[in-house]
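Chains, contacts and geometry: an overview
Below are the chains, spelled out letter by letter.
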Amino acid sequence: MKLPILLLFSTLLLHQTYTFEFVIDGEWDSELTSHDAGDYPNSADLHLRPNFRRRRAILVSDEDFEDFEAIKGNDITVKSYKVESRITSRFAHTTVKSSVVNTGSTAQSIGFNVQIPKRAFITNFTMNVNGITFIGSVKEKTVARNLYSQARARGKAAGIVRANSQDMETFKTEVHVPPGSKVQFELHYQEMMQRKLGVYQHTLHLQPGRLVPHLHVDVYIFEPKGISMVEVPNTLGELFTGLTTVTKSKDKAHVTFKPTLQQQRKCHNCTESGVDGVFTVKYDVEREGNAGELQVSDGHFVHFFAPQNLSPLSKNIVFVIDVSGSMWGLKMKQTVEAMEAILDDLTIDDYFSIVDFNHNVRCWSEELVPGSSIQVADAKKYVQSIKPNGGTNINEALQRAVQMLIKASNQGLIDQRSVSMIILVSDGDPTVGEIKLSNIQKNVKRIMREEFSLFSLGIGFDVDYDFLERIAMDNRGVAQRIYANHDAAEQLRTFYSQVSSPLLRRITIQFPEGSVSDITQSHFDKFFSGSEIVVAGKLQSTGFPTLHSFTTASAATMDMTLQTDTDISELDAILNQQQHSVTGFARQMWAYITINQLLAERALAPTAAKKRKITQRILGLAVEHQFVTPLTALLIEGENEKLLADSPKDPKHGCCSGVGFQGLRPPPVQQQVYSIPNWVRPTPMSTPSPATGHITVVDNDPHFIIHLPKRDMDVCFNIDSEPGDILNLVSDPGAGVVINGMLIGSKTLQNNKLKTYFGAIGVFYRPEGVRVTVRTDRIDVVEGKDNNSFSWGSTVDITINGVKISIEKDSKVSVVVNGRITAMVLLHRVWKKHPVNVDFLGFYSPNDNQYSEQVHGLIGQFANEPEVKVSNIRDGPDPKKKEATMDVKGNKLAVTRGWQKDYREDKKRGTDVYCWFVHNSGKGFIDGHFSNYIVPSLDSFLPEL
């Protein structure tokens, strides 16, 4: 009997497997065993199924997959094998194409197998067999199955696809064709790149299965803000050294791998292909500032947040290690090896302990202890002495760990700004004590505090990974499988390195009301160095050309609000000019993140009604965006045939990708934006101002403009010092505040003179040990040993121990100390290759600063305004500049009427400020000589004059 098409699926649990088997003008002569009938709603179709065996839902070791074949069949010629990935703003669309010919003399099955990342969603599969094309479309499972059943009823197709998911998926297709048949396979899948340890890693499993005349791999990357690095490590072996080409520009990269037929051979005369492994591309992007990157395209937005140059938070960690009998041997050896390296990474500011468990629970220390070298050495000896035996009491071990953190918190032992976490390492199901998994999950959830996180690491192939994933997600953590037959110690260390450096707590990303909708998760418990938070949503029509976002977060010693914005039409115009960009990347990324988050919520849904509601949302999104998910199916249709490709019914995927280890949503954080003082942004003036508006200015070369409020007069002078000198502006030991400026020089002499400017201005608040250093390339905020750096590329508001810092993107920095003393630093940029000038800073402060009686400095001394009298005003050599005599501090000075610039309103041209100019670096107007105000460092107070 000839059958047009047969679809067959089998399940392997280490690799999620989609398998299709088609018969084209062929015959099945195998028999079906009777116990398989339950898988088919129509028993009349049983004769269509050859040798189908139901597989147990257990994990198997890697050795069971050594027989993996990318292309199956004898006398099969692979004409071409092409893989193309297009990555746009961290979102990848990958296409795998293979063209094969049955060159044998008989009909046979040709297999097309592709390994794809677990996090990827298949979006389509098409196949062309001798001119007959089969095209896929994603539909809700019930709809797809009904259509498929109608086809089956007519004898057109048979089979139901089932799958489960772990870390890798294997897409398998077999088609039975006559001799001479030509078959073309094409698989599409999409995924979002996750940033780990500072890079995005894109992996392609290249397994053509044969020597291929045309083997092409192309990876196109487009990142609008720029690509900082691209790396292609040689993971395919020495045979292919030097065969990869990387072409990179500012915002684009193209990676190619095109080995010739001879270069593919395992040896000079071999007939087997050496191309069989993982092809890896690593890259990272340029980041203008810590506020993140906001992109708008196709009516959707994506906000990427990956701050850098922040001091890490201290950690409180309880390691919970399974030492049951099943851990004996290699598992325990590698766990001990990993623990030794992890313990060495702890610092004196970290607190830790170790709980190990089998049928009993033991604690290395009943209380958290600091990570000193003595404690670490003792803990390593303890771990090395462990001898695995007995059962598995997970419930009691986890509760003991939580109680240890609670006790330390109640005793005030741990810093309120620190991060507390439990890291569980286990290889099996509970066998002692409470063994019902749902009860263990409830028990831990009941006592776990909001500020604690649980990370679960499952070692080996017999652990209930689904349980580990649920209990981690339920407690603001993630789970990860550790493969015992690989380098488990290295896997454990790598995972720990991803969570070992927390930078921020309680992160909230917000948008102006009415500007966006359908936002993905926007509250995050923690942010770890090297990862990335991604928030996406839909853009609402507001009529404004710009979208803004506000991010609030708590760092080691400070709270901050970061602002970023973007033009809503700019990116689409750029993408339209990009040949290899992913069409609708923002739209697809939003759906991708949303579906993954909904799948995680569905796994934790407390009621059946809640689960049904979430299910309907997933179905709608998956069908609309054509993603094969656990709740949708890929219906593959030819002219007269319908084939069904199903996906996991009950997912074990876990929480959304692309958001690091941030966990589920904590209570919302109230946004607090520090209001910049009004004097920082003066009202625009149409005519030159007779005064600076009650502020004192030091700008340009550097020109000092001292405002004297009692006289409503401005007095100016220059300081002719040398590059590298640090001038004291304000020294107030009574208030504990000092403000200094470091001079830099122009690139060349002008009129035989080297101009000097402020290249750095430091504000030091001694009582709290807070230092703010504003430079032309960055702003450093230091408190004690915590050093945080911000670029000029972001708008940021920071609160740290009585000091408020406001950075306005590419413009100015305002610093308010203890609510009493305010200063503003203005950034002046010149074009990059200016032959003479350099970037420099201007300093502005109001006259109502509340200094103590001890204040001094080039500016500070005038807080106690001296008596000033100007007389004998007369014409000078320049009729536009009057001359006069100034009586001040017992001195009679010859002064000239002139003007300087206030650049708050117009940084390019400035606003004229008329003043009486004191010559000779302010001699007679300032106390002593200007050289008396040169200090050794930016945080040095001025010695008594």
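Residues numbered from 1 in each chain as written. Predicted model: local features only at pLDDT ≥ 70, side-chain atom pairs only at ≥ 80, totals over all residues. Heavy atoms only, no water.

Considering the overall build of the protein chain
Inclusion rule: Each helix is a run of H or I in the DSSP string that is no shorter than four residues. Each strand is a run of E no shorter than two, and both are numbered from the N terminus. Throughout, the Shrake-Rupley method with a 1.4 Å probe supplies accessible areas, and for residues the shown protein chains are the sole cover considered.
Along the protein chain, the regular secondary structure elements total 12 helices and 51 strands. Of the roughly 38400 Å² of accessible surface on the protein chain, 47% is carried by carbon and sulfur atoms.

Let's talk about the nonpolar core
Generally speaking, nonpolar side chains in soluble globular proteins are found buried as a group. Operational definition: Definition used in this section: a nonpolar core is a set of buried Ala, Val, Leu, Ile, Met, Phe, Trp, Tyr and Cys residues joined via side-chain atoms within 4.5 Å. Only protein chains enter the accessibility calculation, which uses a 1.4 Å probe. A residue is then buried if its area is under 20% of the maximum for its type, exposed if over 50%, and partly exposed in between. Contact between two residues is taken to exist if any of their heavy atoms lie within 4.5 Å; hydrogens are not considered.
Leu504, Ile798, Ile805, Met886 and Phe925 are the most contacted members of the largest nonpolar core, which totals 86 residues. By residue number, the principal contributor to this core is strand β39 (residues 756-765), which donates 5 residues. For Ile805, the residues in contact, after removing those within four places along its chain, are Val772, Val781, Val796, Asp797, Ile798, Ile800, Val813, Ser814 and Val815. In this structure, Ile110, Phe240, Ala253 and Leu634 belong to the second largest nonpolar core, which totals 51 residues.

What to know about the packing of helix α10 (residues 585-603) against helix α11 (residues 608-625)
The cut-off we apply is this: Axis geometry follows a simple rule: fit a line to the C-alpha atoms, using only the stretch in contact for helices, then measure angles between N-to-C directions, giving values from 0 to 180 degrees. Any angle that is under 35 degrees is reported as roughly parallel, and any over 145 degrees as roughly antiparallel; angles of 65 to 115 degrees are reported as roughly perpendicular and all others as oblique. Crossing chirality is assigned from the near helix's rotation relative to the far helix, an anticlockwise turn below a right angle marking it left-handed and a clockwise turn marking it right-handed. Residues are grouped as follows: Ala, Val, Leu, Ile, Met, Phe, Trp, Tyr, Cys and Pro are nonpolar; Asp, Glu, Lys and Arg are charged; all remaining types, including Gly, are polar.
Contact pair α10 / α11: the axes reach a minimum separation of 10 Å and the direction vectors enclose 155 degrees. In terms of axis orientation, α10 runs roughly antiparallel to α11. In the packing of α10 onto α11, the handedness of the crossing is left-handed. Packed against α10, whose contacting residues are Arg587, Gln588, Trp590, Ala591, Thr594, Ile595, Leu598, Leu599, Glu601 and Arg602, the element α11 presents Lys611, Ile614, Thr615, Arg617, Ile618, Leu621, Ala622, Glu624 and His625 at the interface. Among the residues making up the contact of α10 with α11, the classes are represented as 9 nonpolar, 4 polar and 6 charged.

Re the sheet that holds strand β27 (residues 516-517)
Worth spelling out the cut-off: Whether two strands pair comes down to DSSP finding at least two bridges between them.
With antiparallel pairing, the 4 strands of this open sheet are ordered in space as β17-β18-β29-β27. The two strands at the open ends of the sheet, each matched to only one other strand, are β17 (293-297) and β27. For strand β18 (residues 300-305) and strand β29 (residues 533-539), the ladder comprises 6 bridges, and the chain directions are antiparallel. Counted as the bridge partner of Phe305 is Ile533 from β29.

Some remarks on the pairing of strand β7 (residues 132-140)
Two strands pair when backbone bridges link them, and strand β6 (residues 121-129) and β7 are joined in this way by 3 bridges, in the antiparallel orientation. In the sheet register, Val129 faces β7, and the bridge partner there is Ile132. Where β6 folds back on β7, the antiparallel hairpin that results is connected by 2 residues, among which Asn130 adopts a positive phi of roughly 50 degrees. Here β7 runs beside strand β32 (residues 632-637); their pairing, made up of 6 bridges, is antiparallel. When the bridges of β32 are listed, Ile135 appears paired with Glu637.

Some thoughts on the state of the cysteines
Counted only if it meets this: Pairs of cysteine sulfur atoms within 2.5 Å are identified as disulfides in what follows.
On inspection of all chains with the given rule, the structure shows 2 disulfides. What pairs with Cys267 in a disulfide is Cys270, and their sulfur atoms sit 1.7 Å apart. Here the disulfide of Cys267 and Cys270 is right-handed, its torsion about the S-S bond being about 100 degrees. With its sulfur 1.9 Å from that of its partner, Cys716 forms a disulfide with Cys915. When the S-S torsion is -120 degrees, as for the bridge of Cys716 with Cys915, the disulfide is left-handed. You can see Cys716 sitting in strand β36 (residues 713-718) and its partner Cys915 sitting in strand β51 (residues 911-918), a full 199 residues away along the chain. Both residues of the pair, Cys716 and Cys915, belong to the buried class. Each bonded cysteine of the protein chain gets a number by its place in the sequence, and the pairs then read 1-2, 3-4.

Focus on the packing of aromatic side chains
The condition is simple: Planes of paired rings set the category: under 30 degrees apart is stacked, over 60 is edge-to-face and the rest tilted, where pairs are Phe, Tyr or Trp rings (Trp by its six-membered ring) whose centres lie within 6.5 Å. Counting as a charge over the ring demands two things of the Lys NZ or Arg CZ atom: a distance within 6 Å of the ring centre and an angle within 35 degrees of the ring normal.
For the coordinates displayed, the defined rule picks out 20 aromatic pairs. What links up through ring pairs into an aromatic cluster is the set Phe91, Phe121, Tyr592 and Phe627. Cation over ring: Arg771 sits above Phe764, and NZ or CZ is 4.2 Å from the ring centre. Positioned over the ring face of Trp916 is Arg897, at 5.3 Å from the centre of the ring.

Brief notes about the pattern of salt bridges
Pairing is possible between side chains that carry opposite charge, provided their charged atoms lie close to one another. Convention followed: Here a salt bridge means any side-chain nitrogen of Lys or Arg lying within 4 Å of a carboxyl oxygen belonging to Asp or Glu.
Following the criterion strictly, the structure yields 37 salt bridges and no others. Between Arg417 and Asp559 there is a salt bridge whose closest N-O contact spans 3.2 Å. Taken together, the residues span a long stretch of sequence, with Arg417 in the loop between α5 (394-410) and β23 (419-426) and Asp559 in strand β31 (residues 559-567) at a distance of 142 residues. Classification of Asp559 as partly exposed rests on a relative accessible area of 33%. The salt bridge partner of Lys812 is Glu808, with a shortest N-O separation of 3.7 Å. Taken together, the salt bridges that share partners define one network made up of Arg90, Arg195, Glu223, Asp284, Arg287, Glu293 and Glu532.

Comments concerning the sheet that holds strand β13 (residues 227-231)
As a general point, the strands of a sheet are linked pairwise by backbone hydrogen bonds and lie either parallel or antiparallel. Read across the open sheet, the 4 strands follow the order β10-β11-β16-β13; overall the sheet is antiparallel. Each of the sheet's edge strands pairs with one partner strand only, and the pair in question is β10 (195-196) and β13.

So, the side chain of Glu532
The test is simple: Definition of a polar contact: a pair of N or O atoms within 3.5 Å, with one able to donate and the other able to accept a hydrogen when the atoms are protein atoms, and with sequence-neighbouring residues admitted only if both atoms are side-chain atoms.
Tracing the sequence through the fold places Glu532 in the loop between β28 (523-528) and β29. A polar side-chain atom of Glu532 sits 3.1 Å from a polar atom in the side chain of Arg90. One polar contact links Glu532 to Arg287, side chain to side chain, over a distance of 3.4 Å.

A few points about unusual backbone geometry
Pro702 follows Asp701 through a cis peptide bond whose omega is -25 degrees. As for its placement among the helices and strands, Pro702 is situated in the loop between β34 (695-699) and β35 (703-708). Despite not being glycine, Asn700 shows a phi value in the positive range, around 65 degrees. Structurally, Asn700 is set in the loop between β34 and β35. Classification of Asn700 by relative accessible area gives buried; the value is 18%.

Points about α10
Put simply, the test is: Helix span, as expected, comes to 1.5 Å for every residue beyond the first.
With 19 residues, α10 should reach 27 Å at 1.5 Å per residue; the first-to-last C-alpha distance of 27 Å fits that figure. Within α10, 16 of the 19 residues are buried, which leaves it mostly tucked inside the rest of the structure.

Notes on the pairing of β36
A large share of β36 lies buried, amounting to 6 of its 6 residues. In β36, alternate side chains face the same way, and those of Met713, Val715 and Phe717 on one face and Asp714, Cys716 and Asn718 on the other are all buried. Bridging between β35 and β36 involves 6 bridges; their strand directions are antiparallel. Bridged to Phe704 within β36 is Phe717. Between β35 and the antiparallel strand that follows it, β36, lie 4 residues; Asp712 among them carries a positive phi value of about 50 degrees. Direction of pairing for β36 relative to β51: parallel, over a ladder of 2 bridges. Bridge pairing in β51 links Cys716 to Phe917.

Things to note about helix α3 (residues 330-344)
In an α-helix there are 3.6 residues to a turn, and that puts residues three or four apart on one side. If you check α3, its first and last C-alpha atoms are 22 Å apart, about what 15 residues at 1.5 Å a residue would give, namely 21 Å. Elements that come into contact with the buried residues of α3 comprise β19 (315-322), β20 (351-357), α4 (373-384), β23, β24 (452-459) and α8 (488-499).

Quick notes on the environment of Phe527
Locating Phe527 in the fold gives a position in strand β28. With relative accessibility at 0%, the residue Phe527 sits in the buried group. Phe527 sits 26 residues away from Ser501 along the chain, and the two C-alpha atoms are 8.8 Å apart.

A look at the packing of α5 against helix α6 (residues 437-447)
The geometry of α5 relative to α6 is characterised by a closest axis approach of 10 Å and an angle of 5 degrees between their N-to-C directions. In terms of axis orientation, α5 runs roughly parallel to α6. Here α5 contributes Ile394, Asn395, Leu398, Gln399, Val402 and Ile406 to the contact with α6, which in turn contributes Ile440, Asn443, Val444 and Ile447. Looking at the contact of α5 with α6 residue by residue, the classes come out as 7 nonpolar, 3 polar and no charged.

Quick notes on the confidence of the model for the protein chain
Put simply, the test is: Predictor confidence is given residue by residue as pLDDT, running from a minimum of 0 to a maximum of 100.
Summary statistics for the protein chain give a mean pLDDT of 84 and a share of 84% for residues scoring 70 or more. Ranking the helices and strands of the protein chain by mean pLDDT puts strand β15 (residues 252-257) first, with 98, and strand β1 (residues 15-23) last, with 43. Here residues 155-167 is a poorly scored stretch, pLDDT under 50, and it has 65 contacts once near neighbours within four places are set aside; other chains count. Here residues 684-692 is modelled with pLDDT under 50, and outside its nearest four sequence neighbours on either side it reaches 22 contacts, counting other chains as well.

Brief notes about the environment of Tyr220
With respect to the helices and strands, the residue Tyr220 is situated in strand β12 (residues 214-222). Once you skip the residues sitting within four places of it in the chain, Tyr220 turns out to touch Glu84, Ser85, Arg86, Ile87, Ala253, His254 and His580.

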